Amino acid sequence: DGEGIPVGILIQASLGHGYPLTPTPFTKYVGIKDGKEQPVHCPLDKDFNEHFMDVVRALAKEKPSALMLDDDFRMVMRPSSGCACKLHLDALEKKTGKKFTRDTLWQHINTHPHNDPITMAYLDTQRDALVYAVTNMRKAIDEVDPTIQGINCTSGDLCDFVVDTCKIFAGKGNP
């Protein structure tokens, strides 16, 4: 700041890049392709959201000009193509009225057209999870200073639903 250069903070990992995590009590991302629990947090987990809101508040108190989410803030564009944890399967059941296991959902997705209503509802659960988490993060920033610019570092096609999340994280009145 003394040199006239705005200083920001990169949130290098929010959900996680897939590297080993310190053990946490939060729901882990379960890959829809293989059912394996990943070292990534599920953004539908309420406790994870409350924890990460505390993290973002602490960062905002440092008075950065910007906070940037790194490209780990994504769901479908991972090797396992999305989360099928219990929270996501419950969200899908709520949307569709149909109960799926991870296996039956993966089979359905692979045997139906890409625009099938169940597949689209599944994708909606992935988007909804990111929107939920980023809305909570923005709320925490705004509690400290609503003028802090939020930025989402996207890696082109590697990040999903950025149209939905970038505007939220930017904050009201920010580009």
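Our structure's up above, just so we're on the same page.
This one's a predicted model, so the numbers in the text were calculated from it and none came from an experiment.

Basis of the calculations
- Residues numbered from 1 in each chain as written.
- Predicted model: local features only at pLDDT ≥ 70, side-chain atom pairs only at ≥ 80, totals over all residues.
- Heavy atoms only, no water.
- Core = buried A, V, L, I, M, F, W, Y, C linked by side-chain atoms within 4.5 Å.
- Buried < 20%, exposed > 50% of the residue type's maximum accessible area, 1.4 Å probe, protein only.
- Helix = DSSP H or I, 4+ residues; strand = E, 2+ residues; numbered from the N terminus.
- Contact = heavy atoms within 4.5 Å.
- Pairing = 2+ DSSP bridges.
- Axes fitted to C-alpha atoms, helices over the stretch in contact; angles between N-to-C directions.
- Salt bridge = Lys/Arg side-chain N within 4 Å of Asp/Glu carboxyl O.
- Arc of directions from axis to C-beta.
- Phe/Tyr/Trp six-rings, centres within 6.5 Å; stacked < 30°, edge-to-face > 60°.
- Lys NZ or Arg CZ within 6 Å of the ring centre and 35° of its normal.

## Describing the nonpolar core
Phase 1: By size, the foremost hydrophobic cluster in this structure holds 28 residues, and its most contacted members are Val56, Leu67, Phe73 and Met137.
Phase 2: Elements supplying a minimum of two residues to this core: strand E2 (28-30), helix H1 (46-60), strand E4 (66-69) and helix H4 (117-144).
Phase 3: Among the elements that line this core, the one with the most residues is H4, at six residues.
Phase 4: Not counting residues up to four positions away in its chain, the partners in contact with leucine 67 are Ile9, Ile11, Val56, Leu59, Ala60, Ile141, Ile148, Gln149, Gly150, Ile151 and Phe169.

## Notes on the environment of proline 20
Phase 1: Looking at the element boundaries, proline 20 is found in the loop between strand E1 (8-11) and E2.
Phase 2: In sequence terms proline 20 and glutamine 38 are 18 residues apart; their C-alpha atoms lie 8.8 Å from each other.

## A few points about the sheet that holds strand E5 (residues 149-152)
Within a sheet, neighbouring strands are paired by backbone hydrogen bonds and run either parallel or antiparallel to one another.
Phase 1: In spatial order, the strands read E1-E4-E5; together these three strands make up an open sheet with parallel pairing. Among the strands making up the open sheet, the edge pair consists of E1 and E5. The sheet shows a mean angle of 20° between the axes of neighbouring strands, taken without regard to direction.
Phase 2: Its contacts with the sheet put helix H5 (residues 162-170) on E4 and E5, and the angle it makes with E5 is roughly 160°.

## Looking at the pattern of salt bridges
Phase 1: Tallied over the full model, the rule gives ten salt bridges.
Phase 2: Linking glutamate 50 and lysine 46 is a salt bridge whose minimum nitrogen-to-oxygen distance equals 2.9 Å. One end of the pair, glutamate 50, and the other, lysine 46, are both in helix H1, four residues apart, so they sit about a helical turn from each other.
Phase 3: Its relative accessible area of 39% is what places glutamate 50 among the partly exposed residues.
Phase 4: A single network of salt bridges, built from pairs that share partners, joins Asp54, Arg57 and Glu143.

## Structural notes on helix H3 (residues 102-111)
Phase 1: Turning to H3, its buried residues are Arg102, Leu105, His108 and Ile109. The arc enclosing the buried residues of H3, seen along the axis, measures out at 130°, which places them on a common side. Opposite the packed face of H3, turned more than 90 degrees from it, sit the exposed residues Gln107 and Thr111.
Phase 2: Buried residues along H3 sit in contact with helix H2 (86-96) and H4.

## Details of the packing of aromatic side chains
Phase 1: Under the definition given, this model contains two aromatic pairs.
Phase 2: Ring centres of phenylalanine 26 and phenylalanine 48 lie 5.7 Å apart, and the angle between their planes is 75°; on these two criteria the pair is classed as edge-to-face. With a gap of 22 residues between them, phenylalanine 26 in the loop between E1 and E2 and phenylalanine 48 in helix H1 connect regions that are remote in the sequence. Each member of the pair phenylalanine 26 and phenylalanine 48 is classed as buried.
Phase 3: In textbook terms, an aromatic cluster arises when at least three aromatic residues are bridged by ring pairs, as seen for Phe26, Phe48 and Phe52.
Phase 4: Directly above the ring of tyrosine 29 sits arginine 78, whose terminal nitrogen or CZ lies 5.5 Å from the centroid.

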